[in-house]
Amino acid sequence: MSIKVALSELASALEGLGDACFFLTTNAEQSPHPANVPVRFDDGVLVVSAGRRSTTNAAERSVVTLLWPAKTPGAMSLLVDGVARVDPSEDGRVIIEPTSAIWHRQPG
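A brief structural summary.

Conventions and cut-offs
Residues numbered from 1 in each chain as written. Predicted model: local features only at pLDDT ≥ 70, side-chain atom pairs only at ≥ 80, totals over all residues. Heavy atoms only, no water. Helix = DSSP H or I, 4+ residues; strand = E, 2+ residues; numbered from the N terminus. Buried < 20%, exposed > 50% of the residue type's maximum accessible area, 1.4 Å probe, protein only. Pairing = 2+ DSSP bridges.

**Concerning the environment of glycine 44**
When you line up the elements, glycine 44 lands in the loop between strand E3 (32-42) and strand E4 (45-49). With 45 residues separating them along the chain, glycine 44 and serine 89 place their C-alpha atoms 20 Å apart.

**Details of unusual backbone geometry**
Located in the positive-phi region is glutamine 30, a residue other than glycine, with phi close to 70°. Secondary-structure assignment places glutamine 30 in the loop between strand E2 (20-26) and E3. Glutamine 30 gets classed as exposed once you look at its relative accessible area, which sits at 52%. In the Ramachandran plot, aspartate 43 falls in the positive-phi region, its phi being about 55° despite a non-glycine side chain. Within the element layout of this structure, aspartate 43 appears in the loop between E3 and E4. Note on aspartate 43: relative accessible area 77%, which makes it exposed.

**Some points on the pairing of E3**
Note that E2 and E3 share 7 bridges and pair antiparallel. Looking at the pairing, threonine 25 lines up with histidine 33 of E3. Judged from the 4 bridges that link them, E3 and E4 form a sheet pairing that is antiparallel. When the bridges of E4 are listed, valine 39 appears paired with valine 48. Connecting E3 to the antiparallel partner E4 that follows it, the hairpin turn spans 2 residues, and aspartate 43 within it adopts a positive phi of roughly 55°.

Just distances and angles here, no functional claims.
Next comes the structure, spelled out in structure tokens:
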């Protein structure tokens, strides 16, 4: 089951989810690369501090996903898709402009 989150409501959706999430990028072979990263919401964008592989992937393939997994069984996970831009002024800093977001619950 999925419930769309309006981007105007993203800040409130993020409340209580914590300051870390999974940052999903893809490599040159289109294989997924997940990394647990610190994240913050800042003036409509999400800012993560990522490692070398994630940063390289995001620079070369800018479509990314952020995932806040459900904290308890039956709870919902939040997925945010976006377009990444690597900040050249700060090593490992990636700025993500959200394009869509959903709450998702595993069926069953």
